[in-house]
Amino acid sequence: MDSEERRDTRITVRDLQRNAAAVLVRLEHGETFTVTRHGRTVARIVPPDPVEEAVNQAVADGLIDLPELARARTAAQTARIRTAPTAPGDIPLSQALDELREDEREGR
């Protein structure tokens, strides 16, 4: 978890059903939820990880080969994965990931 703790809100299943849209908005702003039923925790809902989302998008865009990524066991192997060449003005995926990580560290 970041140095800045995420807010974790307890919410009942019924409240989640009634207020799903509002919960999703709060998730977009970094809030996490512990969902309870009859006082017992049944789930946790957390916002997406921006780095994971960037990697998923790169795979969807064909910039990263998913089977090759799955075979990578170390950071060095991951770094050697071929990516598509960037167009003039585009930033390399590695730079975009670095920027996302920095944003996450700074809590943006």
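Keep in mind that what you see is a predicted model, and the values were worked out from it rather than measured.

On to the overall build of the chain. For the chain, the count of helices and strands is six helices and three strands. Counted from the first residue to the last, the chain has its helices and strands arranged as β-α-α-β-β-α-α-α-α. Here the chain, with 108 residues, has 16% of them falling under the buried criterion. Partitioning the intrachain contacts of the chain with sequence separation of at least 6 by distance along the chain shows that 38% fall at a separation of at least 24. Of the roughly 8,300 Å² that the chain leaves accessible, carbon and sulfur atoms contribute 51%.

Once that is clear, we can look at unusual backbone geometry. Peptide bonds are trans in most cases, and residues, glycine excluded, mostly fall at negative phi. In this model, His38 sits at a positive phi of 55°, which is unusual for a non-glycine residue. As for its placement among the helices and strands, His38 is situated in the loop between β2 (32-37) and β3 (40-45).

So, how was this worked out
Residues numbered from 1 in each chain as written. Predicted model: local features only at pLDDT ≥ 70, side-chain atom pairs only at ≥ 80, totals over all residues. Heavy atoms only, no water. Helix = DSSP H or I, 4+ residues; strand = E, 2+ residues; numbered from the N terminus. Buried < 20%, exposed > 50% of the residue type's maximum accessible area, 1.4 Å probe, protein only. Contact = heavy atoms within 4.5 Å. Areas by Shrake-Rupley, 256 points an atom, 1.4 Å probe, with all protein chains shown as cover.

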